[in-house]
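Given next are the chains, with one letter for each unit.
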Amino acid sequence: MYTVSITRLRVRSIFYMPVFLLHAMRTGTQAQKADGIFGVETRFEKNNVVWTKTVWADETQMKKYRSSGAHQIAMRLLSEMCSEASVARWQQDGTELPTWEEAHRRILTEGKLSKVKHPSPLQAAGRTAPETMQSGFSAPMPPA
């Protein structure tokens, strides 16, 4: 079984976006080179919302990535820069990335909120994402 991890973050101000994007590029590069990774994809939506989806060989490899390097540094800044943060994780048989529709469904049904210092009304209401998936685009990943 392989571990899928989905994150949904909303950067609370456009003024935080340059710093957020710098850390996103660093963590994306780290993820692409991480042991046990099978796929990484990022999606941007309006209102400063950023999604990630990754597939890992197992939860141990995912946790090793999560708590090291650029990702560990970025996580320390998350609660200040973001007004919404949620994560969903599950096991699946194959190494393929789920669709964004599946990621959205899972974050709604199985997602958990992460702590933020300046919660939006959505986050304050205990909701992990809007009921309707927003239009967006997948960004190219930096070269590995």
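It should be noted that the structure appears before, not after, this text.
Residues numbered from 1 in each chain as written. Predicted model: local features only at pLDDT ≥ 70, side-chain atom pairs only at ≥ 80, totals over all residues. Heavy atoms only, no water.

Draft legend 1. Spatial organisation of a nonpolar patch on the surface. On the surface, Val19, Ile73 and Leu77 cluster together into a nonpolar patch covering about 210 Å² of accessible area. Along the polypeptide, Val19 turns up in helix H1 (residues 17–33). Note on Val19: relative accessible area 38%, which makes it partly exposed. (Patch = residues over 30% accessible without salt bridge, like charges linked within 9 Å, V, L, I, M, F, W, Y side chains within 5 Å. Areas by Shrake-Rupley, 256 points an atom, 1.4 Å probe, with all protein chains shown as cover. Salt bridge = Lys/Arg side-chain N within 4 Å of Asp/Glu carboxyl O. Helix = DSSP H or I, 4+ residues; strand = E, 2+ residues; numbered from the N terminus. Buried < 20%, exposed > 50% of the residue type's maximum accessible area, 1.4 Å probe, protein only.)

Draft legend 2. Here's a closer look at the packing of H1 against helix H3 (residues 69–81). The N-to-C vectors of H1 and H3 enclose an angle of 150°; their axes lie 9 Å apart at closest approach. With respect to H3, the element H1 is oriented roughly antiparallel. As H1 packs across H3, the resulting crossing turns out to be left-handed. For the pair H1 and H3, the contacting residues are Val19, Phe20, His23, Arg26, Thr27 and Gln30 in the first and Gly69, Ala70, His71, Ile73, Ala74, Leu77 and Met81 in the second. Partitioning the contact of H1 with H3 into residue classes produces 7 nonpolar, 5 polar and 1 charged. (Axes fitted to C-alpha atoms, helices over the stretch in contact; angles between N-to-C directions. Parallel < 35°, antiparallel > 145°, perpendicular 65-115°, else oblique. Left-handed = near helix turned anticlockwise from the far one by under 90°. Contact = heavy atoms within 4.5 Å. Nonpolar A, V, L, I, M, F, W, Y, C, P; charged D, E, K, R; others polar.)

Draft legend 3. Looking closely at the packing of aromatic side chains. Considering all chains together, one arrives at 3 aromatic pairs under this definition. Summarising the aromatic geometry, the rings of Trp51 and Trp100 are spaced 6.4 Å apart at their centres and angled 75° between planes, so their arrangement reads as edge-to-face. Here Trp51 is found in strand S3 (residues 49–56), whereas its partner Trp100 is found in helix H4 (residues 100–110), with 49 residues between them in sequence. Trp100 gets classed as buried once you look at its relative accessible area, which sits at 9%. The lysine or arginine in question, Lys53, covers the ring of Trp100, its NZ or CZ lying 4.1 Å from the ring centre. Note that Arg106 overlies the ring of Trp90, its terminal NZ or CZ placed 4.2 Å from the centroid. (Phe/Tyr/Trp six-rings, centres within 6.5 Å; stacked < 30°, edge-to-face > 60°. Lys NZ or Arg CZ within 6 Å of the ring centre and 35° of its normal.)

Draft legend 4. View of the pattern of salt bridges. With the rule as written, the count across this model stands at 11 salt bridges. Its salt-bridge partner being Arg43, residue Glu45 comes within 3.3 Å of it at the nearest N-O pair. Glu45 gets classed as buried once you look at its relative accessible area, which sits at 9%. With a closest N to O distance of 3.6 Å, Glu59 and Lys63 form a salt bridge. A residue pair is termed a helical-turn pair when its members lie 3 or 4 positions apart in one helix, as Glu59 and Lys63 do in helix H2 (residues 59–66) at 4 residues. Owing to a relative accessible area of 37%, Lys63 belongs among the partly exposed residues under this scheme. Overlapping salt bridges bring together Glu102, Arg105, Arg106 and Glu110 as one network.

Draft legend 5. Structural view of H1. Compared with an ideal rise of 1.5 Å per residue, which puts 17 residues at 24 Å, H1 spans 24 Å between its outermost C-alpha atoms and is within 8% of the ideal. Of all the positions in H1, only Met17, Phe20, His23, Thr27, Gly28, Gln30 and Ala31 are classed as buried. Each buried residue of H1 lies within a common arc of 165° when the element is viewed along its axis, so the set occupies one face. With respect to the buried face of H1, the exposed residues turned more than 90 degrees away are Pro18, Met25 and Lys33. Where H1 is buried, its residues touch strand S1 (2–11), strand S2 (37–45), S3, H2, H3 and strand S4 (82–92). (Expected span 1.5 Å × (residues − 1). Arc of directions from axis to C-beta.)

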